[in-house]
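The chain contents come next:
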Amino acid sequence: LAHGVRDRPVDDDFITALRTHGTWYVPTLGLDETSYLFAQHPELLQDPFLRHALQPALVSQLDDPAWRASVLDNPTTLHVDEQAVLFNAQNLKRVFDAGVKIGFGTDSGATPLRVPGFAEHHELQLLAAAGVPPLQALHMATAASAELLGLNDRGVIAEGKLADLVILNADRSEEH
């Protein structure tokens, strides 16, 4: 089930059905947030990682105060999209706590505001903010999603498996 349940709280029957049928749940928490994220948080645009991934025309749009005002004045943004993000995060936590298999998704690249690279990093932050422990969020984005897609040659660091590695000089497992 992709994009999570975003219009109401999930109930016990729903969770039981997911578990009974072995249905994977892919929340895609950032899906609705992208409609307003950069308008509400223009400071994100100062991040070199994000800025490098943006096309010049998109930078101009996102830097435009009139664009930001039009997004923030839109009742859909303030009511429907923000409520969807809230329901999605709460439902993810319930589904996670119930032991349902959870995959990772962002829809990055589907629209210009779902910026590849940034969207994946931001989704990890959203998972942690929803109550998923950071190492579990990384597991969802790697091993669990490889399992969901039937990709037995990746998703874990092991001999004979495909992997891209990033070496950090800090323990990021406790950060949100």
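Rules and cut-offs
- Residues numbered from 1 in each chain as written.
- Predicted model: local features only at pLDDT ≥ 70, side-chain atom pairs only at ≥ 80, totals over all residues.
- Heavy atoms only, no water.
- Helix = DSSP H or I, 4+ residues; strand = E, 2+ residues; numbered from the N terminus.
- Rg over C-alpha atoms; globule rule 2.2 N^0.38 Å.
- Contact = heavy atoms within 4.5 Å.
- Areas by Shrake-Rupley, 256 points an atom, 1.4 Å probe, with all protein chains shown as cover.
- Lys, Arg positive; Asp, Glu negative; His and termini not counted.
- Charge placed at Lys NZ, Arg CZ, Asp CG, Glu CD.
- Core = buried A, V, L, I, M, F, W, Y, C linked by side-chain atoms within 4.5 Å.
- Buried < 20%, exposed > 50% of the residue type's maximum accessible area, 1.4 Å probe, protein only.
- Phe/Tyr/Trp six-rings, centres within 6.5 Å; stacked < 30°, edge-to-face > 60°.
- Salt bridge = Lys/Arg side-chain N within 4 Å of Asp/Glu carboxyl O.
- Polar contact = N/O pair within 3.5 Å; in protein donor to acceptor, adjacent residues only side chain to side chain.
- Patch = residues over 30% accessible without salt bridge, like charges linked within 9 Å, V, L, I, M, F, W, Y side chains within 5 Å.

## Things to note about the overall build of the protein
- Helix and strand counts for the protein come out as nine helices and zero strands.
- Listed N to C, the secondary structure of the protein is α-α-α-α-α-α-α-α-α in terms of helices and strands.
- Its C-alpha radius of gyration of 17 Å places the protein within 12% of the 16 Å reference for a compact globule of 176 residues.
- With respect to the principal axes defined by its C-alpha atoms, the protein has extents near 50 × 40 × 30 Å.
- Look at the contacts in the protein between residues 6 or more apart in sequence, and 69% of them connect residues 24 or more apart.
- Taken as a whole, the protein presents about 10,300 Å² of accessible surface, with 56% of it coming from carbon and sulfur.
- Averaging the positions of the 12 positive and the 24 negative side-chain charges in the protein gives two centres separated by 4 Å.

## What about the nonpolar core?
- Among the nonpolar cores identified, the biggest contains 18 residues, and Y25, L92, V95, I102, L127 and V132 are the most heavily contacted of them.
- At the level of elements, α1 (12–21), α7 (75–97), α8 (118–129) and α9 (134–148) are the ones that each hand at least two residues to this core.
- The element best represented in this core is α7, accounting for three residues.
- Counting residues in each nonpolar core, the second largest holds 16 residues, with Y36, L58, W67 and V71 among its members.

## Side note on the packing of aromatic side chains
- Following the criterion strictly, the structure yields two aromatic pairs and no others.
- A ring pair is formed by F14 and Y25, whose centres lie 6.5 Å apart and whose planes are at 80°; its orientation type is edge-to-face. With F14 in helix α1 and Y25 in the loop between α1 and α2 (30–33), this residue pair connects regions lying 11 residues apart in the sequence.
- Given the relative accessible area of 24%, F14 is considered partly exposed.
- Overall, Y25 belongs to the buried group, its relative accessible area being 0%.

## Concerning the pattern of salt bridges
- By the definition in use, this model includes eight salt bridges.
- A salt bridge links D63 to R51; the shortest N-O distance between them is 2.9 Å. With D63 in helix α5 (residues 56–63) and R51 in helix α4 (residues 48–53), this pair connects stretches of sequence that are 12 residues apart.
- For the salt bridge of E147 with K101, the shortest nitrogen-to-oxygen distance reads 3.3 Å. Taken together, the residues E147 in helix α9 and K101 in the loop between α7 and α8 connect sequence positions 46 residues apart.
- The class for E147 is partly exposed, based on a relative accessible area of 48%.
- Under the relative-accessibility criterion, K101 is labelled partly exposed at 42%.

## Quick look at the side chain of R68
- As for its placement among the helices and strands, R68 is situated in helix α6 (residues 65–72).
- D63 provides the closest opposite charge to the buried, unpaired R68, separated from it by 4.9 Å.
- A polar side-chain atom of R68 sits 3.2 Å from the main-chain carbonyl oxygen of D63.
- Sequence-distant contacts of R68, defined by excluding residues within four places in its chain, comprise F38, A39, P42, L62 and D63.

## A short note on a nonpolar patch on the surface
- On the surface, L148, L149 and L151 cluster together into a nonpolar patch covering about 240 Å² of accessible area.
- Structurally, L148 can be placed in helix α9.
- Assessed through its relative accessible area of 31%, L148 is described here as partly exposed.

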